[in-house]
Amino acid sequence: MLKWNKSIGKHSIYLMLGHEYEKDNGLETYASRNQVLNFSADKEPSGALNLVDGNSSSSLYNVEGYMLNAQYNYASKYFGSFSYRRDGSSRFAKGHRWGNFWSVGGAWIVSKEDWFPKNTFMDMIKLKASYGEQGNDGISDFLYSNYYSITSVNGKGALNFASKGNEDITWETNGSFNGGIEFELFKHRVTGSLEYYTRKTTDMLLYFSTPVSLGYSGYYDNVGDMINRGVEFSINADIIRTHDIDWNVNFNISKNHNEVTYLPDENKTVSVEGHAGYVDLANFRFIGEGLPLNTWYMPKYAGPDSQGRSSWYVTNEDGTQGTTTSYSQATYYLCGDANPKAYGGFGTTLTAYGFDLFASFLYSLGGKAYDMGYSKLMASPTDAGERRNLHKDLWNAWSEDNTGSDIPRFQFNDTQNAYTSDRFLTSASSLTFKSVSLGYTIPKTWIAKWPITSIRIYGMCDNVYYWTKRKGFDPRSLLTGSVSVSNFHPIRTISGGITVKF
């Protein structure tokens, strides 16, 4: 990086030129064997008789970028900035690897103007606006080329077509506009901001599903455009500010609207409920114009039938709606989306008579996530299945004495009673007790005779607890709404100590 600063009177100029280069190589080789005879000396592979499976893979990611940033301000009152980047990525084919991205922004501290009224409750008012574009290459390597795996046919080597490549994929571009106001009120006791943003994504990099009859299930493509728009509000206030007690609270909220605004005609393979788009059956999603990304597309659960069997809704050819106990005949419907309606956080800080307390919370409101763990615990055992846990809700399953239950009968070898449907779509709203700390600073008079300036004893805990619709259900890990049982919760950490300053 090269940086240059210059101040001339009330003018301040900053320039930066940069270059970055990164190359990552990866190689994985694995094998598995069975019939282990020797467990000693950590030599299980060599002590096994049969080679069961083995494979290897490699990865290569190479990215290079050139950047420019320029900033200017006049009298610390008027601010302007400009940036430009040119990035190249190996995840795209030649001719599509380089992208150009830029941004421009400005701000005006209105309260520094001579005409701004003084001695009012408004200490600072700042207006700001910016627009910028950035690129995204967040996909796997080599998706621009066809992929073949080596296999054996009659003992001879052969190539097996594994996945379809697309040479035309290129950078996904995110163009963002942000405008808002920052303020400080009542002698800086209250600070905050209110902002509006709109973020348009063009050339979205998504998996495009195709009929299996083509010989492949789909490929990655720049499938269309999407927009996010919303408002963000934050406020921080000193409720009490005295010599012995300081109590501060903070709160912020973001409300976002997400919508797919454009799909090329070649990506519009079906129309669902008036929305043209395509189906991603592997993930039970429908990507359609006028709908949020991550819109669920699956059968709707109709409850137990008269015999307690699982049933789903079906739309007949004449438009009427009925039910079926055959999952393969169930109609797929739009079933909401995974995006939260609002999210944010709040917290407080309190210091009083040597004690200090800090606590923070995060929240998310709305959206639907699929509770994979619950669906597995509600499935009936089968003769081919392994031993596993069951959910306590099965005590309320349908029976001749409990025909009003919404849970189907619990019957051995019933493979349909936990199939994917909106039955297991669960509110993704959550409240997280993110962190808390408590400390005490020993009065200086107690240590005045020691060569020590302060002693503080403290304890703290991160990821204290969280609340969701169902115990054990944690939708916070993935924004897509696919909550897998293999995702770990954030680790709770408890610590404490003594801080001594000399």
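Here's a quick rundown of the structure. Model, not experiment: these values are computed from the prediction.

**Re the overall build of the chain**
Link 1 in the chain: Looking only at helices and strands, one finds one helix and 30 strands in the chain.
Link 2 in the chain: Rg of the C-alpha trace for the chain: 30 Å, well past the compact-globule value of 23 Å for 502 residues, more than 25% over.
Link 3 in the chain: For the chain, the C-alpha atoms occupy an extent of roughly 80 × 70 × 60 Å along the three principal directions.
Link 4 in the chain: Counting over 502 residues, the chain shows a buried share of 35%.
Link 5 in the chain: Of all intrachain contacts in the chain linking residues separated by at least 6 positions in sequence, the fraction that spans at least 24 positions is 62%.

**Topic: a nonpolar patch on the surface**
Link 1 in the chain: Taken together, the side chains of I239, I240, W247, L350, F355, L357 and L438 make up a nonpolar region of the molecular surface, amounting to roughly 580 Å² of accessible area.
Link 2 in the chain: At the level of elements, β13 (225–241) and β24 (355–365) are the ones that each hand at least two residues to the nonpolar patch.
Link 3 in the chain: Positionally, L357 belongs in strand β24.

**What about the pairing of strand β16 (residues 275–280)?**
Link 1 in the chain: The sheet contact formed by strand β15 (residues 270–272) and β16 spans three bridges and is antiparallel. Within the sheet, the bridge partner assigned to V270 lies in β16 and is G277.
Link 2 in the chain: Linking β15 back to β16 in an antiparallel pair, the connection comprises two residues, with E273 at a positive phi of about 50 degrees.
Link 3 in the chain: Note: β16 against strand β17 (residues 285–288), four bridges, orientation antiparallel. Opposite Y278, over in β17, you have I287 as the bridge partner.
Link 4 in the chain: Between the antiparallel neighbours β16 and β17 lie four residues, among them F284 with a positive phi of about 55 degrees.

**Points about the pairing of β17**
Link 1 in the chain: Of the two faces of β17, both are covered, the one formed by R285 and I287 as well as the one formed by F286 and G288.
Link 2 in the chain: When β17 meets strand β18 (residues 295–299), the two strands line up antiparallel, connected through two bridges. By the bridge assignment for β18, F286 is matched with T295.
Link 3 in the chain: Counted between consecutive antiparallel strands, the loop separating β17 from β18 contains six residues, among which G290 sits at a positive phi close to 85 degrees.

**Some remarks on unusual backbone geometry**
Link 1 in the chain: Phi is positive for K187, close to 55 degrees, though the residue is something other than glycine.
Link 2 in the chain: Looking at the element boundaries, K187 is found in the loop between β9 (172–185) and β10 (190–202).
Link 3 in the chain: Exposure remark for K187: the relative accessible area of 67% places this residue in the exposed category.
Link 4 in the chain: Positive phi outside glycine occurs at N463, with the angle close to 55 degrees.
Link 5 in the chain: For N463, the position within the fold is in strand β28 (residues 454–467).

**Thoughts on the sheet that holds β18**
Link 1 in the chain: What the five strands build is an open sheet, ordered β15-β16-β17-β18-β22; its pairing is antiparallel. With partners counted over all chains shown, the strands left at the sheet margins are β15 and β22 (332–337), one partner each. Going from strand to strand, the sheet's axes swing by 50 degrees on average, the running direction of each strand aside.

**Considerations on the pattern of salt bridges**
Link 1 in the chain: According to the stated counting rule, one finds 14 salt bridges in the structure shown.
Link 2 in the chain: Where R85 meets D87, a salt bridge forms, and the shortest distance between an N and an O atom there is 2.9 Å.
Link 3 in the chain: Residue classification places R85 among the partly exposed residues on the basis of a relative accessible area of 28%.
Link 4 in the chain: The network of salt bridges with common partners includes E20, R85 and D87.

**Overview of the environment of V485**
Link 1 in the chain: With respect to the element layout, V485 can be found in the loop between β29 (482–483) and β30 (493–501).
Link 2 in the chain: Here V485 falls in the exposed class, since its relative accessible area comes to 54%.
Link 3 in the chain: With 456 residues separating them along the chain, V485 and T29 place their C-alpha atoms 26 Å apart.

**Points about the packing of aromatic side chains**
Any two aromatic rings considered together are summarised by their centre-to-centre distance and by the angle between their planes.
Link 1 in the chain: For the coordinates displayed, the defined rule picks out 27 aromatic pairs.
Link 2 in the chain: Here W108 and W115 contribute two aromatic rings whose centre-to-centre distance is 6.5 Å and whose plane-to-plane angle is 65 degrees, an arrangement assigned as edge-to-face.
Link 3 in the chain: One aromatic cluster is present, formed by Y148, F161, F208, Y216, Y219 and Y278 through successive ring pairs.
Link 4 in the chain: Sitting over the ring of F79, K126 keeps its end group 5.7 Å from the ring centre.
Link 5 in the chain: In this structure, K300 packs its charged tip against the face of Y333, placed 5.3 Å from the ring centre.

**Quick word on the side chain of S83**
Link 1 in the chain: Mapped onto the elements, S83 comes out in strand β4 (residues 78–89).
Link 2 in the chain: For S83, a relative accessible area of 19% corresponds to the buried category.
Link 3 in the chain: Side-chain polar atoms of S83 contact the side chain of S103, separated by 2.3 Å.
Link 4 in the chain: Setting aside chain neighbours within four positions, we find S83 in contact with L68, N69, F101, W102 and S103.

**Overview of the sheet that holds strand β19 (residues 301–304)**
Link 1 in the chain: Taken together, the three strands give an open sheet; going across it, the order is β19-β20-β21, and neighbouring strands pair in antiparallel fashion. With partners counted over all chains shown, the strands left at the sheet margins are β19 and β21 (321–324), one partner each. Across the sheet, the mean angle from the axis of one strand to that of its neighbour is 35 degrees, orientation sign disregarded.
Link 2 in the chain: Of the pairings in the sheet, the one linking strand β20 (residues 310–315) to β21 comprises four bridges and is antiparallel in character. Each residue of the ladder has a partner; that of V314, found in β21, is G322.

**Side note on the nonpolar core**
One recurring pattern in soluble globular proteins: nonpolar side chains tend to sit buried together.
Link 1 in the chain: W296, M298, C335, Y370, M378, F424 and L425 are the most contacted members of the largest nonpolar core, which has 15 residues in total.
Link 2 in the chain: Other than its neighbours up to four places away in sequence, C335 contacts W296, M298, K300, K368, D422 and L425.
Link 3 in the chain: M204, F208, V223 and L263 belong to the second largest nonpolar core, which has 11 residues in total.

**A word on the side chain of D141**
Link 1 in the chain: Locating D141 in the fold gives a position in the loop between β6 (122–136) and β7 (147–153).
Link 2 in the chain: At 3.4 Å, the side chain of D141 forms a polar contact with the backbone nitrogen of L60.
Link 3 in the chain: Ignoring sequence-local partners within four residues, the contact set of D141 consists of S59, L60, Y61 and R91.

Rules and cut-offs
- Residues numbered from 1 in each chain as written.
- Predicted model: local features only at pLDDT ≥ 70, side-chain atom pairs only at ≥ 80, totals over all residues.
- Heavy atoms only, no water.
- Helix = DSSP H or I, 4+ residues; strand = E, 2+ residues; numbered from the N terminus.
- Rg over C-alpha atoms; globule rule 2.2 N^0.38 Å.
- Buried < 20%, exposed > 50% of the residue type's maximum accessible area, 1.4 Å probe, protein only.
- Contact = heavy atoms within 4.5 Å.
- Patch = residues over 30% accessible without salt bridge, like charges linked within 9 Å, V, L, I, M, F, W, Y side chains within 5 Å.
- Areas by Shrake-Rupley, 256 points an atom, 1.4 Å probe, with all protein chains shown as cover.
- Salt bridge = Lys/Arg side-chain N within 4 Å of Asp/Glu carboxyl O.
- Pairing = 2+ DSSP bridges.
- Axes fitted to C-alpha atoms, helices over the stretch in contact; angles between N-to-C directions.
- Phe/Tyr/Trp six-rings, centres within 6.5 Å; stacked < 30°, edge-to-face > 60°.
- Lys NZ or Arg CZ within 6 Å of the ring centre and 35° of its normal.
- Polar contact = N/O pair within 3.5 Å; in protein donor to acceptor, adjacent residues only side chain to side chain.
- Core = buried A, V, L, I, M, F, W, Y, C linked by side-chain atoms within 4.5 Å.

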